[in-house]
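# Residue-level structure breakdown
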Amino acid sequence: DAGVTQSPTHLIKTRGQHVTLRCSPISGHKSVSWYQQVLGQGPQFIFQYYEKEERGRGNFPDRFSARQFPNYSSELNVNALLLGDSALYLCASSLVGQAAYEQYFGPGTRLTVT
Amino acid sequence: GQQLNQSPQSMFIQEGEDVSMNCTSSSIFNTWLWYKQDPGEGPVLLIALYKAGELTSNGRLTAQFGITRKDSFLNISASIPSDVGIYFCAGHKGPKASGSRLTFGEGTQLTVNP
């Protein structure tokens, strides 16, 4: 079975631009979470979506938004990019209930803001 | 910011040696997980722990959920070169917490010399 897939793999943007990152969960997984991983640090939680609704939000500004589609895939949008937004953006999918804590990550999208 | 403290930050060992690393928190977590991340990839789930005192194995890996619920330990026996990578602990605070948000430590970088 295919794992979590993310696109694009790499992205270079200029300050002030907007970016959209995409994620497809493991088949059968209905929950999708997004994390930001800055070089040298552990992932930091941004959002969780389940059944197209936001179920949790981390300490990130309103420039960050996301949505989930009927097929459970998800998009992360970041507006007005800052240099500090340069990071690896990870998508994770999971089942629901207690198994929701067992999150399976995709390979990530490496975003560079210049 | 991060609430989980991992130690050591890095380890350099010889192939065949056993490895121990740990993760501590000032607050209680109800689920502990251990992930491994290779360069350019997303974290891979190794072990999930759900009960205080629980000891769970996955091949050469053994992890324990501390009885205070504020710590967890990961041991790797008879290390091999492919064990190289960054090991992250992650915790979830329980059903009343925000969705399935995981809090990650800053990682332990493991290097195995053949």
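Placed above this text is the structure.
Let us look at the structure shown here. Predicted model only: the values in this text are computed from it and were never measured.

## Notes on the state of the cysteines
Across all of its chains, the model carries two disulfides over all chains by this definition. Across a sulfur-sulfur distance of 1.8 Å, Cys23 of chain A and Cys91 of chain A are joined as a disulfide pair. An S-S torsion of about -60° defines the bridge between Cys23 of chain A and Cys91 of chain A as left-handed. Here Cys91 of chain A lies in strand β9 (residues 87–94) and Cys23 of chain A lies in strand β3 (residues 19–24), a separation of 68 residues in the sequence. Classification of Cys23 of chain A as buried rests on a relative accessible area of 3%. What makes Cys91 of chain A buried here is its relative accessible area of 0%. Disulfide pairing is shown between Cys23 of chain B and Cys89 of chain B; the S-S distance is 1.9 Å. Between Cys23 of chain B and Cys89 of chain B, the S-S torsion sits near 50°, and that sign places the bridge as right-handed. Pair noted here: Cys23 of chain B is in strand β3 (residues 19–25) and Cys89 of chain B is in strand β9 (residues 85–92), with a separation of 66 residues, a long-range link. Accessibility classification places Cys23 of chain B together with Cys89 of chain B in one group, the buried group.

## Concerning the sheet that holds strand β8 (residues 74–78) of chain A
Residues and elements named next belong to chain A. Here we have four strands laid out as an open sheet, ordered β1-β3-β8-β7, and antiparallel in their pairing. In this open sheet, the two strands that pair with only one neighbour each are β1 (5–7) and β7 (64–68). For this sheet the average axis-to-axis angle between neighbouring strands, irrespective of direction, equals 15°. Bridge analysis of β1 against β3 gives three bridges, and the strand direction is antiparallel. Each residue of the ladder has a partner; that of Ser7, found in β3, is Arg22.

## Description of the sheet that holds strand β8 (residues 71–76) of chain B
Residue and element names in this part refer to chain B. Strand order in the open sheet formed by five strands is β1-β3-β8-β7-β6, and the pairing between neighbours is antiparallel. Strand pairing shows two members of the sheet lacking a second neighbour, β1 (4–7) and β6 (55–58), which therefore form its edges. Each strand of the sheet is rotated relative to its neighbour by a mean of 15°, with strand direction disregarded. Alignment of β1 against β3, held across four bridges, turns out to be antiparallel. Each residue of the ladder has a partner; that of Gln6, found in β3, is Cys23.

Reading the values: the criteria
Residues numbered from 1 in each chain as written. Chains lettered and ligands numbered in written order. Predicted model: local features only at pLDDT ≥ 70, side-chain atom pairs only at ≥ 80, totals over all residues. Heavy atoms only, no water. Disulfide = S-S within 2.5 Å. Helix = DSSP H or I, 4+ residues; strand = E, 2+ residues; numbered from the N terminus. Buried < 20%, exposed > 50% of the residue type's maximum accessible area, 1.4 Å probe, protein only. Pairing = 2+ DSSP bridges. Axes fitted to C-alpha atoms, helices over the stretch in contact; angles between N-to-C directions.

Such coordinate-based values are descriptive only and should not be taken to indicate function.
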